[in-house]
Amino acid sequence: MMNEMIRIDSISSLHELLGYDKPKHPLITCIELHQFNPGMAYQNSQFINGFYTISLKNGENFDIKYGRRYYDFSEGSMIFVAPEQLLTVDYDPGDQGSEGWMLCFHPDLIRKSTLGSKMDEYTFFSYAANEALHVSEKEKDIVTKIVHILIEEFSQNIDIYSTDLIVSNLEVLLNYAKRFYGRQFITRKTIHHDVVDRFEQLLKESFTLHQLGENGTPSVKELAKEMGYSTNYLSDLLKKETGKNTQEHIHFQIIHHAKNLLSGTSEPIFSIAYKLGFEYPANFSKFFKSQTGMSPNQFRKY
């Protein structure tokens, strides 16, 4: 099957597509990758699903492309995909070697829970393909044990405690993932130092008065794209390395240039605002005061 867009909105539809038995629970499932049996090959097939997906995989015969890049599964990686994301899949049922699992849960499962209200904290659901979580054997064992607890729970007859227990274990799994990503940021510190250096150079170049006049203030999305990262991954990386996320770095540069222009020139404030990419001078004044505690006029007189 080639270049076909396939939408999957339910757990039961996913099972049917993969040639899997009927799901034990309507809102959550775990697929063992070695039991895939779709009955056909998928070549460059595009999928959009309506649920969260967490996968742990080793092997070469099931390639997933998220955005522009394929995930690297050579040493065992975890990937996290939010609902409504586009995935491109290459799969040949004649090949062997995939090991691992794919945990899928529908947003309805967590919608009324505290976990549902804080899913935005798990920013790795919006990371790109080259930003997968590479887990150690110990880490792999930890997350797999939690998944087995989840399987045991959602495979039983549903009672009044089922949803709470499922959701609480999902939260434990996501918190471990957050910890392991923190470890990955640390163990790749040398690489990340280079990323920070490149980012700071890019930011300086983007904040020359000529560039600001041509393009305006750079956005988080533009800088992340130029760096080759997703917006969330770059912000998380910078936060770990520098204490400031991408937006905070941008704000720092705006204030730095604003202070130089206010103290080193006699240019009107409206002219400085335009130079720094603000369409309305009032917005610049409000932003400057929120960052410094003073209005531009007060700073200039200080």
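Please read these numbers as outputs of a predicted model, since none were measured by experiment.

## Focus on the packing of aromatic side chains
Between two aromatic rings, the relevant description is the distance of the centres plus the angle of the planes. Applying the stated rule across the entire model yields 17 aromatic pairs. Plain terms: the ring middles of Y229 and Y233 are 5.6 Å apart, the flat faces sit at 10 degrees to each other, and that makes the pair stacked. Comparing Y229 with Y233 shows no difference in burial state: the two are buried. Measuring from ring centre to ring centre gives 5.9 Å for F284 and F288, while their planes differ by 50 degrees; the resulting arrangement is tilted. Within this pair, F284 and its partner F288 are both found in helix α12 (residues 281-292), separated by 4 residues, close to a single helical turn. With relative accessibility at 0%, the residue F284 sits in the buried group. Judged by relative accessible area, which is 0%, F288 ranks as buried. An aromatic cluster is present here, built from Y52, F80, F105, Y122, F124, F125, Y127, Y181, Y229 and Y233 joined pairwise through their rings. Across the ring face of F252, the terminal group of K244 is positioned such that the distance to the ring centre comes to 5.2 Å.

## Regarding the pairing of strand β7 (residues 77-81)
Summarising burial for β7: 5 of the 5 residues are buried, a large majority. Of the pairings in the sheet, the one linking β7 to strand β10 (residues 133-134) comprises 2 bridges and is antiparallel in character. Pairing of S77 across the sheet is with H134, part of β10.

The rules we used
- Within any chain, residue numbers begin from 1 and follow the written order of that chain's sequence.
- The model is predicted, so local features are restricted to residues of pLDDT at least 70 and side-chain atom pairs to those at 80 or more, both for listing and for counting; the totals for chains, interfaces and linings are taken over all residues.
- By convention in this description, side-chain values take in all heavy atoms of the structure and omit both hydrogens and water.
- Note on ring pairs: Phe, Tyr and Trp rings are taken, using the six-membered ring of Trp, and paired if centres are within 6.5 Å. Classes follow the plane angle, with under 30 degrees stacked, over 60 edge-to-face and the rest tilted.
- Each residue is placed in one exposure class: buried if its accessible area under a 1.4 Å probe, protein chains only, is under 20% of its type's maximum, exposed if it is over 50%, and partly exposed if it falls in between.
- Helix and strand definitions follow DSSP, with helices as H or I runs of at least four residues and strands as E runs of at least two, each counted in order from the N terminus.
- Only Lys NZ and Arg CZ are tested; either one counts as a charge over a ring when it is within 6 Å of the ring centre and within 35 degrees of the ring normal.
- A pair of strands counts as paired when DSSP detects no fewer than two bridges linking them.

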